[in-house]
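Overview (structure and organization)
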Amino acid sequence: MQRSYMFAGAFVVLFVGIIVIVVVCVSSMNGWKEHNADGPKFWEQGGVYQVYPRSFGDSDGDGTGDLMGVVAHSDHLKDLGVVTVWLSPIFKSPMKDFGYDISNYMAIDPIFGTMDDFERLVASLHRNGLKVVLDFVPNHSSNLHEWFTKSEAREGNYTDYYVWAEAKDYDKNNTPIPPNNWMSEFGGSAWEWSGIRGQFYYHQFLAEQPDLNYRNEHVKEEMKNVLRFWLDKGVDGFRVDAVKYLVEAQDLNLDEPTDSDNPELLHHIFTTNQPETFQILREWRELVDKYHEKVLMVEVYSEVEDVMKYYGNQSVPLAHFPFNFFMLEALNNRSTLNGYALKDTISLWLDYMPEGKWPNWVLGNHDNGRVASRLGKDMVDALNMVVLLLPGTPVTYNGEEIGMENTFISWEDTRDPEGCRWGPDHYQEHSRDPERTPMQWNDGHMAGFTNGNNTWLPINANYQEINVAAQKNATHSHLKFYQHVTEIRQEETFKKGKVTFPTYDDSTFSFIRSLEGHPSYLAVVNVATVNRTVNLHLGANFQLPDKAEMVIHSSTSVAKETPSGSTVFLDSLTLVAGEGVLLKLPED
Ligand code: GLC
Ligand code: MG
Ligand code: CA
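My aim in this report is to walk through the structure given alongside it, one point at a time. As the structure is a computational prediction, the values presented were derived from the model and not from experiment. Residues take numbers from 1 onward in each chain, read along the sequence in its written order. Key to labels: chains lettered from A, ligands numbered from 1, both in the order written. Where totals are concerned, whole chains, interfaces and linings use all residues; where local detail is concerned, this predicted model gives features only for residues with pLDDT of at least 70, and gives and counts side-chain atom pairs only at 80 or more. The basis for every side-chain value is the complete set of non-hydrogen atoms in the structure, without hydrogens or water.

1. Thoughts on the packing of aromatic side chains
Here a Phe, Tyr or Trp ring, Trp counted by its six-membered ring, pairs with any other such ring whose centre lies within 6.5 Å, and the pair is stacked when the planes are under 30 degrees apart, edge-to-face when over 60, and tilted otherwise. The final tally for this structure, using the stated rule, is 37 aromatic pairs. The interplanar angle of 70 degrees and the centroid separation of 5.1 Å between the aromatic rings of Phe136 and Trp284 together place this pair among those described as edge-to-face. With a gap of 148 residues between them, Phe136 in strand S5 (residues 131-136) and Trp284 in helix H7 (residues 275-289) connect regions that are remote in the sequence. Using a 1.4 Å probe on the protein chains alone, a residue whose accessible area is under 20% of its type maximum counts as buried, one over 50% counts as exposed, and one in between counts as partly exposed. Residue Phe136 is classed as buried on the basis of its relative accessible area of 3%. Relative to Trp349, the ring of Phe326 has its centre 6.0 Å away and its plane inclined at 50 degrees; by these criteria the two rings are tilted. Taken together, the residues span a long stretch of sequence, with Phe326 in helix H9 (residues 326-330) and Trp349 in helix H10 (residues 339-352) at a distance of 23 residues. Per residue, the accessibility class of Phe326 equals that of Trp349, and both read buried. Its end group placed over the ring of Trp456, Arg54 keeps NZ or CZ at 4.2 Å from the ring centre. Look at NZ for Lys and CZ for Arg. If either is within 6 Å of the ring centre and within 35 degrees of the ring normal, a charge sits over the ring. The side chain of Arg421 reaches across the aromatic face of Trp422, ending 5.8 Å from its centre. Secondary structure elements are defined from DSSP: runs of H or I of at least 4 residues count as helices, runs of E of at least 2 residues count as strands, and each element is numbered from the N terminus.

2. Observations regarding the environment of Glu429
One can find Glu429 in helix H14 (residues 423-430). Look at Glu429 and you get exposed, because its relative accessible area is 56%. The spacing of Glu429 and Gly419 is ten residues in sequence and 7.7 Å in space, taken between C-alpha atoms. Think of a polar contact as two N or O atoms within 3.5 Å of one another; within protein, one of them needs to be a possible hydrogen donor and the other a possible acceptor, and neighboring residues in sequence only count if both atoms come from side chains. There is a polar contact of 2.9 Å between the side chain of Glu429 and the side chain of His426.

3. Topic: the coordination of the calcium ion (ligand 3)
Coordinating N, O and S atoms are those within 2.8 Å of the metal (3.2 Å for Na, K and Ca), and as water is not part of the atoms, a site may appear to have fewer donors than expected. Taken together, the protein ligands of the calcium ion (ligand 3) are Asn139 (OD1), Asp211 (OD), Tyr245 (O), Leu246 (O) and Glu248 (OE), with distances of 2.1 to 2.7 Å. On the primary sequence, the residues serving as donors to the calcium ion (ligand 3) are separated as N-x71-D-x33-Y-L-x1-E. Taken together, the residues Asn139 in the loop between S5 and helix H5 (146-152) and Asp211 in the loop between strand S10 (199-202) and helix H6 (217-232) connect sequence positions 72 residues apart. Given the relative accessible area of 0%, Asp211 is considered buried.

4. Details of the pattern of salt bridges
Throughout this description, the term salt bridge denotes a Lys or Arg side-chain nitrogen within 4 Å of a carboxyl oxygen of Asp or Glu. In this structure the tally under the stated criterion is 25 salt bridges. A salt bridge links Glu276 to Arg215, with the nearest nitrogen and oxygen atoms 3.4 Å apart. Taken together, the residues Glu276 in helix H7 and Arg215 in the loop between S10 and H6 connect sequence positions 61 residues apart. You can call Glu276 partly exposed: its relative accessible area is 32%. The partner of Glu221 in a salt bridge is Arg228, with the nearest N and O atoms 3.3 Å apart. Through salt bridges with shared partners, a single ionic network connects Asp97, Asp367, Asp416, Glu418, Arg432 and Arg436.

In short, geometric facts, not functional conclusions.
Pasting the structure below:
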């Protein structure tokens, strides 16, 4: 009896052991791959394209982009070869932070159009095989939301909808002193006094963006209703704004510690990444999972260990992915860009990502400068190639596919509150307007953005050269390159293959995608600011073949006449400054 138990026990141990070995082998082959029995989810099949609706297309001539303007350009979205279109906020808003201050979560702002327009837009994108993701801004509403007005007046359930606190004290002029030292992301105290209520309210961003109180059950339910409302309208998921700020420490008398090197700097241990935030995210994930194939991508700028927590784990999944902003942060300007930095930044994500999760790569957005201006016009194609061909979801901000550049905005024309609050001498270091100017469609009236004569932000003077129509007609252009790479991405190797990094140094970066039974590809980037002939064998981490076949090269390349299919030698590959090439390796 006992022996048969022992035998059964040994058998179980052996069996579990084999399972563990198999699981470890499979996952170490493909640690980044989420194994879906029912095939890849839509966000795993191609890129996310961020539309900043104010600046995409203006259908009614008022100078601000709108929903029908997006419909008008749905061909462009389709032709790009992306899968998902994420719309920055389109909801009713006083526009203090250009839509990130919402006064009605279930209504479309008239500047963008009507609910009918929205339904037309979703139908049109879906008809084109594209998915639609909305921007969900749960941390704060507008101060003009009726919830806030009612909360300020202490009306019933609304009383605790926001984070209210007594003054810590009053100074000699009888001015109330905030309860703690917490700072707003946009600068200054995060506390604003309400004379009406006789209390402070907390705002991580503008005073016109009061933080909602996620310790209140009604608030949690209201926000779930917002998610259900849009899911029931057929949207395919959400980009969740500023999620690390959702919950604050319960004790509002706690000061955040100051940095020992820089007393101006606080360690945000009470205002970011609080344990309760993950519980709320978990409830949202459960909610969206009740629908068929919906995505949650969350915005978190934090240390990598903290960012990774937003993935959750195998048993408790949270976001499908937190945005990977490390490329944005590490590759802030050309002097920070070298082959090691690129390799390390990519590995950072792949190494820290929890087992079985799905990576993503962000090169730009409405809060960060344009790639061409940060890193150089010559790098646009190479970097698009890198993010499009690595395992995971590439995220492209509108205009990056044509290499749009930061636009100089005078102090008079500055609109971004983050710029405005710094005044005429310093706004340029902080303003996000330069990357938010209208999309450049053609070289005609107002770059094809509007029929009107004014635009909410000026159009970049370079629109005559840099525009969609010109790049569509050119043989070689950023746009053509982008489209070509999204096509290549459809190959099995890029969908399922592993990634390795053969050669990288100060000036060179490269990676290989390979998959058993399919062709292997080698991507090479010259990150230097000079033309070079590169020997990829030199310092390679493993053996490379002698030659390979040209698939595609940057539109800036001198090798424009090197047709795809021609042979190149890996010990003497000539690349112009910033050039990226994709090569097909010979099958051995
Ligand atoms: C996010 C948005 C940014 C906005 C902020 C406050 O960071 O991307 O544009 O200002 O949240 O909502
Ligand atoms: Mg308009
Ligand atoms: Ca908050």
